[in-house]
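Each chain, letter by letter, is given below.
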Amino acid sequence: MTTALAIGQPTDRVDGRHKVTGGAHYSGDMLPGTTAYAVLVGARAASGRITGIDTTEALQADGVLAILTHENLPKAAAQPPLIPSLAGMPAPGQTFFPFQDDVVHYAGQPVALVVADTLERAQHAGALLRIAYAETPSVTTLDQAREEAYEPEAIFGGFVPGRNTRGDIEAGLARADVRIDATYTFAANHHNPIEPSATTAAWDGDQLTLYDATQGVAATQLTVAALLGLTPSKVHVISHYVGGSFGCKAMIWAHPALAALAARHVQRPVKLALTREQMFTSVGHREEQEQRITLGADKDGRLTALRHHKLSPTSPFDDWAEPSLGVASQIYACPHYEGVYRLVRANTMTPTFMRAPGEASGMYALETAMDDLAHQLGIDPIDLRLRNYTDMDPNTGNPWSSTGLKECYRRGAERFGWHRRNPEPRSHRDGRRLLGYGMATAGYPVYGPNNPQRARARLYADGTAVVQAATPDFGTGVATVMTQVTADALGLPLDRCRFEGGDTTLPTIAAAVGSSGAGMISAAVHTAATNLRNQLVAQAIGDAQSPLHGADPATVTVRDGRMMLRDAPETGEGYAELLHRNVLPDVEATGAWSPSPESAHYGMMTFGAQFAEVAVDPDLGLARVRRMVGAFAPGRVLNAKTARSQLMGGMLWGLGQALLEANAMDPHRGRWVASSLGEYLVPVNADAPEVDIELIEVADKVVNPLGVKGVGEVGQVGAAAAIANAIHHATGRRIRKLPITIEDLL
Amino acid sequence: MSAPHVPSRAPAAAVLPERGPEPVKITLSVNGDEHTFDAEPRVSLLDALRERLSMTGAKKGCDQGTCGACTVWVDGRRVLACLTLAIACEGHEVTTIEGLAQGDELHAVQSAFIEQDAFQCGYCTPGQIMSAVALLKEGHDGDDAEIAEWMSGNICRCAAYPHIRAAIRTVRDRSRDPSHGQT
C-alpha cells in the first residue's frame, strides 16, 4: 500500500479557476452552430382537457420555426417505470410524459413547445398562443383530499414499503410513563438551484448529442433513449458543469426528450432552458406533509414506543413520498415501532428527491418530539439521546458499520459551549432579545449502487495520469477529490493527475444521488488506479532490465511517480523510465466496484450532531440564527475543505427549511402561490450566520474501499430541529410547523 | 410567460432616434473590445452577451432580477444584465467576469474565492465576484454585517455565504496591509 498523501488534504478545487473566470461551461452555455431556441408553455389549468390551441397568430410571428403540441408531436415510444436513478436504469421523475393526449393533470404541465430562431422570438410567440381548456375541479392540498387518503403498498419507486413495524406498538405505548403525541406540518419546498434546468440537443443523422444539466449522464441517456425509442448507443450525453441540483436534476424530467424531439423536428440544434417560474412545475418538489408522532418513554427517558405516521399528496401517476420515516426509525433504540405512509392523489406533478429527502422532515418531527420529552422529564437533551443510543440498526439488528455519534455529541457540545445552557426556557437574554440554544441528532443512510461503478485510469509516458468516470460535477468537488484519490493510488503528485467526467463515452457511473457519490465514485476510481499501479509494478517485475526484476509485488511501493522496494527505496525506477524503455505511449487499466455482500450484514449510516443559537425579538416575532455548530462522522474525509463546504451548505439549507422556505397551493386555482425567488424565500448572505463544523473521522471497512460515507445530505438533517428547539428554549413556544415564521412567534 | 417588452411607438422627447422593433445594429464595448451585432431592441444585455457574443460568464438564474447571477458592470457600476437592455448600453463600457483577470493573473477576489472555497457549483460565482469587487471599491466592507447586507442581492443556493464573506474580508485586509500588493 501507499501512504495517503493527498486524500484528506484541504486541497483547492481543481476546477476553481474555471469557476471564477467564467470559463466553466454549463449546459446552457453550449451553443452548437445554428442553434434554435425552444420555449415551453405550461397549462394554466390544473385539471381538465385542452379544447383547442389556436396557433395562427404565433405561427405568423417573426422567426418561428415550429409549434409543437399533443396534436403534432410524435408520441413517446415507451414510458419507463419510476426507479430512483441510483439504480442505474432509465429514471424518469414521473411515469407521465406530456403531449400524449389532451388531458391536463396539473398546472404547468407542458402543453406547447415553441421553437424560433432567437429566444426572444420564441418567448414572444409562446405568449401569442391561445389555448382553451375545459376545466374540472382540482385537488392540490391535503385539506381538500384528507378523506381520500390511502396506504400505498410501497413508495419511492417501490423501494420503501408503505408500512414498517417492529415489536408491539400498543404494548410499548401501554408501558410508557410519559407520552408525547403531536402533529407536525411542513410546507412544500422547491430545490431552486441557481442554474435552471437546460438541455441543448443536436442531431447528426440518427446520432443524438445532449448537453444536459443532470446528476447522472447515464440516467439522461437511458431515459431519453427509452422515451424516443432509440438505442442508448445513439445517445451521447455531456454534462461537465452543473449549476447545483439538490435533487431536482437527480431524476430525468420531460425537457431533455422534448429538446431532442424539437431538434429533430426543426432539423437544427435546439436549446431548451426552463424559466425560473417553470422550475416550480417541471422538476419535482418536496411535498407538503403532515407527520404525527406518538412517543412513549419510561421516567428515565428510555423510549418504549415510537409511532410515526405521514400523510402527503402525490401525483395522479405515482405513489411517491419522500421516505421521512426511515432514519427516524433507526436512530434510537426503541423496541416497539410503527411507521405508516398515507397518500392522497392530487393535481401536482410527482414530488421528488430534495436534499435529505425524508430525513430533513422526519428528523425535524422526531427531534422536536425528543426535545419535548427532554423538557418534560427534566433531562438534558444530549443526555436523553445518549440514553437512547443504539449501536445497531433497530430495524434489522445489524451492527453499525461505524458510528462516531457519541463523539459527535461530545465534540459538538464542546465547540458550541452547551454546558453554559440553562435548561429553563426564556432564561438567556441579550438586551430585549430572547436567546435560545437547541440541538438535534443527524443521520443519513449510506446507500450503495445496484450496479457496478466503473472508472478507467491511464498513465502516459511522461508520468502524468488521467482518470475517467462518467459523473458530472454539480458542486460536490468530485473532480477535485477523485484527483486526490488517483494521486494516492498511483503514488503521483497531485498536479500530475487529472480527472475527466461528465460524458457517457466514459466508464459508467450511476447518478450521484443520496450522498452516494463520494463513496461509490472513489471506490471505482481507487480500484481502477490501483489496478493500473499493480499492472505497472507487474510489468517492471517481469522486465529483465528493471531494477525491480523478480521482486515480490507485495514488497513494492509507489511514491512520487516511482516504484521501489519498500525496505530498500533506492532499488526502483520511475513509471516514465519503464514506459520509455518499453516504447509504450501509455498504460491503461479499468476498475469496477460493487458494494460487498458483507455490507448487507451491517447498518450503514453517517451520524452527526447539530447545535444552533437563535435570538428572538419578542416584540417583532423575528427569529435570527446567530451561529450553528455541527459535528459529523462521515467515515473518511477525502477533502476537508470541500467536505466542510458541503456540510455547511446542508446546515444552511436546514436554516432555510426552518425559517424561510415555503410554498402552498392556491386551492381554488390549483397553482403554486410562489413562482419566483422573490416569493419563495431561500437564505441570502444576510440570513447566514457563521457555521462551525467539526469532522470526526471514523474507520469503516464495510461501506467501500476507502471507508467514505458521504456528506451531501447529513448536514441538513436535524438542523431545522436544532433551530426549532432553540426557539423553544428562547421563548417557551413549541412550534410544530415549518417554516417557523413571524406570526408563530408574536 | 409574458410577452417581452416592445418599445413604445409614441413620440419621445429624447433626442435618440427610434430604432426597431426589427433587428438593428447594436455596438457594445465589452471588456474594452467593441462588438457589433444585429439584435432586436428588446434583447437584454444578458442574452446579448450570452447568445450573440458567446460570452457565457454572466449566468441566467432567474431572468427576473432576483438572483444576481447575471451581475456585470456598466461604467463600473454593478447592474443586473437580465433587467438591462443591450441597446441601452451603447456608448457605455460593459465589464464581465471574463474581463476581470489580467491575462493569466487572477484578480485578488477571484483568488480569494478559490482559497476560501467560496463556491460549490460555481454557477452564481461570476455574479458574486462582480458584486464583491464592486463592494470593495465602494467601501461597503466595514464589517461582516455590512458585507452580508451588500452581498444579499446575489443568491448562492449552495450557501457558501460564510466563505464568500471570508474571501471578501481576506482581500480587504490584505489591501489594508501594506506588506501585500495592491488589489
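Here the structure is a predicted model, which means the values were calculated and not measured.

### Topic: the overall build of chain A
Broken down by element type, chain A carries 17 helices and 32 strands. Overall size of chain A, expressed as C-alpha extent along the three principal axes, is 80 × 75 × 50 Å. Within chain A, the proportion of its 746 residues that are buried is 61%. Considering only contacts within chain A whose residues lie at least 6 apart along the sequence, 82% involve residues at least 24 apart.

### Examining helix α16 (residues 719-731) of chain A
Between the first and last C-alpha of α16(A) there are 18 Å, a value that for 13 residues agrees with the 18 Å anticipated at 1.5 Å per step. Counting buried residues in α16(A) gives 13 out of 13 residues, a clear majority hidden from the surface.

### Regarding the pairing of strand β27 (residues 605-617) of chain A
It is a general feature of regular strands that their side chains alternate between the two faces of the sheet. All names here are of chain A. In terms of burial, β27 is largely enclosed, as 12 of its 13 residues are buried. Relative to β27, strand β19 (residues 433-445) runs antiparallel, the two being bridged by 12 bridges. Among the inter-strand pairings, Y437 is bridged to a residue of β27, identified as E613. In textbook terms, the turn of a hairpin is the stretch between consecutive antiparallel strands, and for β27 and strand β28 (residues 622-633) this stretch comprises 4 residues, one of which, G621, has a positive phi near 70°.

### What to know about the interface of chain A and chain B
Listed per partner, the contact involves 51 residues of chain A and 52 residues of chain B. For the side of chain A that touches chain B, the elements supplying multiple residues, two or more each, are α1 (16-21), α3 (119-128), α15 (640-659) and β31 (690-695) of chain A. Partitioned by chemical class, the residues of the side of chain A that touches chain B number 21 nonpolar, 20 polar and 10 charged.

### Some details on the domain arrangement of chain B
All names here are of chain B. Here chain B is described as being made up of domain 1 (24-99) and domain 2 (108-176). On a C-alpha basis, the centres of domain 1 and domain 2 stand 22 Å from each other. Contacts between the two partners involve 13 residues from domain 1 and, on the opposite side, 11 residues from domain 2. For the side of domain 1 that touches domain 2, the element with the highest residue contribution is strand β3 (residues 71-74), accounting for 3 residues. Of the residues in the side of domain 1 that touches domain 2, the class split is 7 nonpolar, 4 polar and 2 charged.

### Some thoughts on the sheet that holds strand β10 (residues 178-186) of chain A
Residue and element names in this part refer to chain A. Across the sheet, which stays open at both edges, the 6 strands sit in the order β9-β17-β16-β15-β10-β32 with mixed pairing between neighbours. The sheet is open, and its two borders are formed by β9 (163-166) and β32 (737-738), each paired with just one other strand. As paired elements, strand β15 (residues 289-297) and strand β16 (residues 303-314) share 8 bridges and run antiparallel to each other. Residue pairing for β16: T294 is matched across the bridge by R307.

### Some remarks on the packing of helix α12 (residues 478-490) of chain A against helix α13 (residues 517-541) of chain A
Residues and elements named next belong to chain A. As a packed pair, α12 and α13 sit with axes 9 Å apart at the nearest point and diverge in direction by 30°. Here α12 lies roughly parallel to α13, going by the angle between them. Handedness of the α12/α13 crossing: right-handed. Listed contacts from α13 to V478, V481, M482, V485, T486, A489 and L490 of α12 are G517, A518, I521, S522, V525, H526, A529, T530, L532 and R533. Split into classes, the residues belonging to the contact of α12 with α13 amount to 11 nonpolar, 5 polar and 1 charged.

### Re the domain arrangement of chain A
Note: interface size is frequently given as the accessible area lost on complex formation between the parts. Residues and elements named next belong to chain A. The assigned domain composition of chain A is domain 1 (16-23 + 451-594), domain 2 (27-137 + 191-280) and domain 3 (356-448 + 602-746). Centre-to-centre separation of domain 1 and domain 2, based on C-alpha positions: 38 Å. In this complex, domain 1 contributes 17 residues to the contact, which on the side of domain 2 involves 22 residues. Across the side of domain 1 that touches domain 2, the residue classes tally to 7 nonpolar, 8 polar and 2 charged.

Cut-offs used in this document
- Residues numbered from 1 in each chain as written.
- Chains lettered and ligands numbered in written order.
- Predicted model: local features only at pLDDT ≥ 70, side-chain atom pairs only at ≥ 80, totals over all residues.
- Helix = DSSP H or I, 4+ residues; strand = E, 2+ residues; numbered from the N terminus.
- Buried ≥ 20, exposed ≤ 12 C-beta atoms within 10 Å, placed from the backbone.
- Contact = placed C-beta atoms within 7 Å.
- Expected span 1.5 Å × (residues − 1).
- Pairing = 2+ DSSP bridges.
- Nonpolar A, V, L, I, M, F, W, Y, C, P; charged D, E, K, R; others polar.
- Domains from an automatic or database assignment.
- Axes fitted to C-alpha atoms, helices over the stretch in contact; angles between N-to-C directions.
- Parallel < 35°, antiparallel > 145°, perpendicular 65-115°, else oblique.
- Left-handed = near helix turned anticlockwise from the far one by under 90°.

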